[in-house]
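Topology and contacts: notes
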Amino acid sequence: MRMATLRAVIFLVALGNVGLASAQVYPSHSITIVVPFPAGGATDTLARILAEPLRISFGQPVVIENVSGAGGSIGVARVARAPADGYTLSIGQWTSHVGSGAMYPVSYDLLTDFEPVALLATAPQWMIVRKGFPASNLKDMIAWLKANPDKASAATYGVGSGPHICETYLQNATGARFQIIAYRGGAAAMQDLLAGRVDFICDLSPNSLAQVRAGQIAALAVMSKSRWFAAPDVPTADEQGIPGFYLPFWHGLWAPKGTPNAIIATLNRAVVKALADPTLQQRFADLGQESFPRDQQTPEALGAYQKAEIEKWWPIIKAANIKGE
């Protein structure tokens, strides 16, 4: 009996050591980062920039897999169903990890079916207007819109896009009335803004920086708490007496629910190290993105940030009955 007991103890200790060794060698093979949007877009580009320093840190390949559709919800669902072992990760942004949950019938819970890893980078939306628009700042623009209801037009990149949500919020927050015209993509919307066929867009700032710098259109305000590093002469909405008008285009990284804390910590350390690298920071800056401050790069900070964004924007989306296409 004693020999059998001793053998059982030895077996359990050995089993525990195997589990410990497995955790200690993570990752032991390639990691897949699922991008819920097509190749070539901002999220895909950020993922590919991040993948290289992660590959160096881990000594394992980091594969980018594009699974697009339904506002990013198809790619997010792919990760929600993946094993909780740290080998399948979800990179995403406001549309995929906030807006999609209110606009699409999803099979997962954005807050409870994922483990936050880290906030990555952000860039603000800003208000851009056609040449000759009868206002030179956001406060005057809102006053003009209220004095001239339904006479102005705003472009979006489609139903449920960032510009659509931002312009809907502008209507709700100020009482201004104007037409919202949904285009199929940003190129057509920008073409009509440049031609003066629409009056304004609440655009992702990097998308239209070149046109603003060329004087083809004007930027009236940045929708963030601080000015944008790439256009420091453009004031915030707060500075113009329109407080709380924030719509950042932010990115984060998540793992499936149940991923061990030790693996989340390993991933977070590698991401934090990557974000501190000057070369990566410059590559982000070239895209108009900047990484979050170090104290906001924790899993807890991402979880809190995402929760606050959902609590702010879901009521606005649902009240306007915005449904994804």
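Here's a quick rundown of the structure. For every chain, the first residue of the written sequence is number 1, and numbering continues from 1 onward in sequence order. Side-chain atom pairs in this predicted model are given and counted only at pLDDT of 80 or more, local residue features only at pLDDT of at least 70, and totals for whole chains, interfaces and linings cover all residues. Hydrogens and water molecules were not included; the side-chain quantities draw on all heavy atoms of the structure.

Put simply, DSSP H or I for four residues or longer makes a helix, DSSP E for two residues or longer makes a strand, and each gets a number counted from the N terminus. Looking only at helices and strands, one finds 11 helices and 10 strands in the protein. Along the longest, intermediate and shortest principal axes, the C-alpha atoms of the protein span 90 × 40 × 30 Å. The proportion of buried residues among the 325 residues of the protein is 51%. Long-range contacts, defined as pairs at least 24 residues apart, comprise 77% of the intrachain contacts of the protein with a sequence gap of at least 6. Positive charges come from Lys and Arg alone, negative charges from Asp and Glu alone, with His and the N- and C-terminal ends not counted. To locate a charge, the coordinates of NZ of Lys, CZ of Arg, CG of Asp or CD of Glu are taken. With 26 positive and 24 negative side-chain charges, the protein shows a spacing of 4 Å between the two charge centroids. Partly exposed residues are those whose accessible area sits between 20% and 50% of the maximum for their type, while under 20% is buried and over 50% is exposed, using a 1.4 Å probe and protein chains only. Any two residues whose heavy atoms approach within 4.5 Å at even a single point are treated as in contact.

Any carboxyl oxygen of Asp or Glu within 4 Å of a side-chain nitrogen of Lys or Arg constitutes a salt bridge here. According to the stated counting rule, one finds 8 salt bridges in the structure shown. Between D199 and R130 there is a salt bridge whose closest N-O contact spans 2.5 Å. On the criterion of sequence distance, the pair formed by D199 in the loop between α7 (186–194) and β7 (200–204) and R130 in strand β4 (residues 114–130) is long-range, its members being 69 residues apart. In this structure, the salt-bridge partner of R197 is D192, at a minimum N-O distance of 2.8 Å.

A word on the packing of helix α2 (residues 42–58) against helix α10 (residues 278–286). Closest axis-to-axis distance for the α2/α10 pair is 11 Å, and the angle between their directions is 175 degrees. Compared by their axis directions, α2 and α10 come out roughly antiparallel. Across from L46, I49, L50 and P53 in α2, the residues of α10 making contact are L280, R283 and F284. Gly is placed with the polar residues, together with every amino acid not listed as nonpolar (Ala, Val, Leu, Ile, Met, Phe, Trp, Tyr, Cys and Pro) or charged (Asp, Glu, Lys and Arg). For the contact of α2 with α10, the residue count by class is 6 nonpolar, no polar and 1 charged. Here, axes are lines fitted to C-alpha atoms. For helices the fit covers the stretch in contact, and angles between N-to-C directions go from 0 to 180 degrees. Angle categories are assigned with fixed cut-offs, so that under 35 degrees is roughly parallel, over 145 is roughly antiparallel, 65 to 115 is roughly perpendicular, and the rest are oblique.

Strands are treated as partners if at least two bridges between them are detected by DSSP. Two elements, strand β5 (residues 153–156) and strand β6 (residues 179–182), share 4 bridges in a ladder whose sense is parallel. Looking at the pairing, T156 lines up with A182 of β6. The path from the first strand over the helix to the second decides the hand: if it runs clockwise while the strands point away from the viewer, the crossover is right-handed. With respect to chirality, the unit in which β5 leads through helix α6 (residues 162–174) into the neighbouring parallel β6 is right-handed.

Cysteine sulfur atoms are paired as a disulfide whenever they fall within 2.5 Å. In total, this model carries 1 disulfide according to the counting rule given. Between the sulfur of C166 and that of C202 lies a disulfide, 1.9 Å long from S to S. On the sign convention where negative means left-handed, the S-S torsion of about 65 degrees between C166 and C202 marks this disulfide as right-handed. In this pair, C166 sits in helix α6 while C202 sits in strand β7, placing the two residues 36 residues apart along the sequence.

Let's shift gears to unusual backbone geometry. Note: most peptide bonds trans; most residues except glycine with negative phi. Here the residue pair Y26 and P27 is connected by a cis peptide bond, since its omega of -5 degrees sits within 30 degrees of zero. Backbone geometry places N321, a non-glycine residue, at a positive phi of 55 degrees. Note that N321 resides in the segment after α11 (299–319).

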